[in-house]
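Observations on the three-dimensional arrangement
If you want the building blocks of each chain, they are given just below.
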Amino acid sequence: MYKKIKSINKKSLILGVISSLIFITIAIIFAKIPFLKGFTYETSFLLNIFLVLFIPLIYYLNSSFILGGVNLLLFFLFHYIFSSFLCQPIEGVLYFIIFVGSGYFFLISFIKFLIKIEKKTIVLSKDNNLNKTKKEKTDYNLKLTKSSIIKYFITIILILIPSIWSLYSEPQIFIYNIFWGYFHGSLYDTSISITPQLWWLFVWRVVLSIYFISYKKNLILSYISLLISLLIWIFSSQIGLTTDADIIAKKLGGVYKTENFTIYYSKDIAKINKNIELLSKEHEFHFMELTKLLKIESPKKLKSYIFKNSQQKKELMGAGNTLIAKPWQNSIYLNYSDFPHPHLRHELVHALASNFSKSPLKLASKNGWWPEIGIVEGLAVAFETPNDELTPLEKTKTLYEKKMLPNLESIVNPAGFWGKNSYYSYQIMGSFIMFLYQKYGVEKLKELNYSANFEKTYDKSLKELSNEWIDYIKILKIPDRFTEKIKEDFSKPPIFKKICPHTIEKLKGNALKEFYNENYGKSDEIIKNILNFEKGNYSNLFFGYKLFALKNEKIADFYKKSLLSFNIPKYMKNDILESDGDIYFKNGIYEKSEEIYSNLLSEEKAEHKIRSLYIKKIASKNRYLIDLALDLFINNSFDKEFVYYFKANKINQKSDFSINSELKDYIEAKTIASYLFGIRYSNKKDYKQSEYFFTIFDAPDNIYLKKEYLKRLIEIYFHLKDLDKLKNIANQLLPFYDTDGAKKQIEFYIRFLEYLKK
């Protein structure tokens, strides 16, 4: 008898050690993956998924709650040791408790519950001849059975089906599932925090675990826990664990119907209420253009959901910062933005593409089921609103020159597409699809969306088409002023290669909040905490330097010295020099600031930098512009009293201004001053006041200021609905533009205003 017990204990010990080694191994593997390092949301999410899939094996190795807790602690300890830090200690522990801790004990309790309700227990043994049948009496004697394993996997599949169906049939893209945990809905959302809904999920797991444990042991406790669990399930939509289209529409509150849209919008924001008519016309305009471009004869009516901000969108449907379409539902989901909405047309392309897709998801899909994300997003980028001075084709010309173009075959498939940063993948595929559209026409493009097969559609391999694309972009001519910015944008790592992305995003927000509250020491402390996560990432040092350069020289000096120890890009070095000039300017050493600004102007290529450097250079030798330049460029404030003083001196009377005004020493000063006020009021959306300052004098002589001056007048006359003046300004502006993307922006404004006039 003693030998038998000793043998059983030895076997249990061996199995327990094996289970511990499994948890330790996973902890170390996770710690070697940047995205999972330091206990992020994804660490806990994936460990929870592992538990769901392998809990029968884990139970077989170790069915003890106590030893299970030890294994979880071992995972936490080894992950911390091999990560060398926790992204956020408090939230990391909470994620671990909410996802993994509750998940482990819930799943083990459920396995025991399944075995309990069986009349017989078939004891699993390595030797099948030793199978026995016996009546269970205590939890200690509960043994895993084949029947309970089958029931377990049937259950987790059945429980997942309603969640998957909700993703398909309803707007929501988050999942709160008692077995599978919480999925926040988007790879691109870098801001995730502990929410009340996560605590509700935790409570739900705990009370249902209590029911499983107390089943047939404590009748009252089991009934109470079951009742609480049922109440959570019944009221899941009220507490935010589930949602549907009706709930979202009701919480948004506003409904606006047009010929082709039903627009649900957040009614409690005055700005949205004021601009809903313009927004609805923007919907119809894009709908009209896209249906013509894509040759869609009988398009379906669409639903558009406009959330007041990312936080509301995240709470109501998930993915706060990721704007999406669900083509199979003929619906799009956006956060509100002033005209022109930067993402509306992109999402409408997704929705309208459902008219030429055969898959259940109405997306370009291999074999009708597996979405080819490269084609899906490339199509939307190719036809979206021009938001940049360069088209995707023009951007890829720069990449070609810098030998940064990828093997196209590696980026079309989902793994390759998500293996790059989102901007890179979207623009590359947008460029390629734009090329296919321009060379082969829209019908072939629609056929590609239908089949998701390049060779079948174009009778050419993807490699052959890729070579044609490269030959096409070779001949494009792109100004070199965009090179540095394009290299920076396309070189950023994908989210999978970032360390603590959610934490860093949150900490940067906290640092900015403390900075604007003038708690510079606290802000500096937060940024230095960020540096601990990514010691080789000089962009975080640059973030700190730019923040403190003009506010706290002592703090800024640390970031400056640290930055200069790296081989930083040219634009960062120039930014540091410009900040040096700003410090001289702020301290009244104008000769030195003018010298620095002049030197930078001689090599700067980015137009927005040239404009600010030029103005600060003029202000350095013109004492009448010093206060204004300090306000707008150095202190980043806006002194309204100075505006009133400026207007009180009859700046609108050119003769008075040039002869009697304080600004008479420099003719440039009058145009620069009015230009700056025009810009500021344009930014504030006060278009009447902006027009006043822009038009009391002629355009600035400086070509870069004049170009921006004309661009702002385009925007002003659009909002003032003056088509004739807009066209006149457009004719003056077009000769300044040397890129296709910039010209398309102007053409868009004209087309839309003509549409409104009709």
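Structure shown above.
To start, this report covers the structure provided alongside it. Everything quoted here is computed from the prediction, not taken from an experiment.

1. Re helix 3 (residues 65–83)
In an α-helix, one turn spans 3.6 residues; hence positions three or four apart end up facing the same way. Taking 1.5 Å of rise per residue, the 19 residues of helix 3 would be expected to cover 27 Å, and the 27 Å separating its terminal C-alpha atoms lies within 8% of that figure. Positive phi appears at S84, one or two residues downstream of helix 3, with a value of about 75°.

2. What to know about a nonpolar patch on the surface
Taken together, the side chains of L227, L230, L231, W233, I234 and F235 define a hydrophobic patch exposed on the protein surface, amounting to about 620 Å² of accessible area. When you line up the elements, L230 lands in helix 7 (residues 219–234).

3. Examining the pairing of strand 5 (residues 253–257)
Where strand 5 and strand 6 (residues 261–266) come together, five bridges link them in antiparallel fashion. Residue K257 lies in a different strand from strand 6, and its bridge partner there is T262. Linking two consecutive strands that pair antiparallel, namely strand 5 and strand 6, is a turn of three residues.

4. Notes on the pairing of strand 9 (residues 331–335)
Most of strand 9 is tucked away: five of the five residues are buried. Burial along strand 9 is two-sided: the face carrying S331, Y333 and N335 and the face carrying I332 and L334 are both buried. Of the strand pairs in this sheet, strand 7 (residues 302–307) and strand 9 are connected by five bridges, and their pairing is parallel. Among the inter-strand pairings, F307 is bridged to a residue of strand 9, identified as N335. Note that strand 8 (residues 324–326) and strand 9 share three bridges and pair antiparallel. Bridge pairing in strand 9 links K326 to S331.

5. What about a negative patch on the surface?
Among the surface-exposed residues, E447, E455, D459 and E464 lie close enough to one another that they form a single negatively charged patch. E447 sits in the partly exposed class, given a relative accessible area of 34%.

Conventions we followed
Residues numbered from 1 in each chain as written. Predicted model: local features only at pLDDT ≥ 70, side-chain atom pairs only at ≥ 80, totals over all residues. Heavy atoms only, no water. Helix = DSSP H or I, 4+ residues; strand = E, 2+ residues; numbered from the N terminus. Expected span 1.5 Å × (residues − 1). Patch = residues over 30% accessible without salt bridge, like charges linked within 9 Å, V, L, I, M, F, W, Y side chains within 5 Å. Areas by Shrake-Rupley, 256 points an atom, 1.4 Å probe, with all protein chains shown as cover. Salt bridge = Lys/Arg side-chain N within 4 Å of Asp/Glu carboxyl O. Pairing = 2+ DSSP bridges. Buried < 20%, exposed > 50% of the residue type's maximum accessible area, 1.4 Å probe, protein only. Lys, Arg positive; Asp, Glu negative; His and termini not counted. Charge placed at Lys NZ, Arg CZ, Asp CG, Glu CD.

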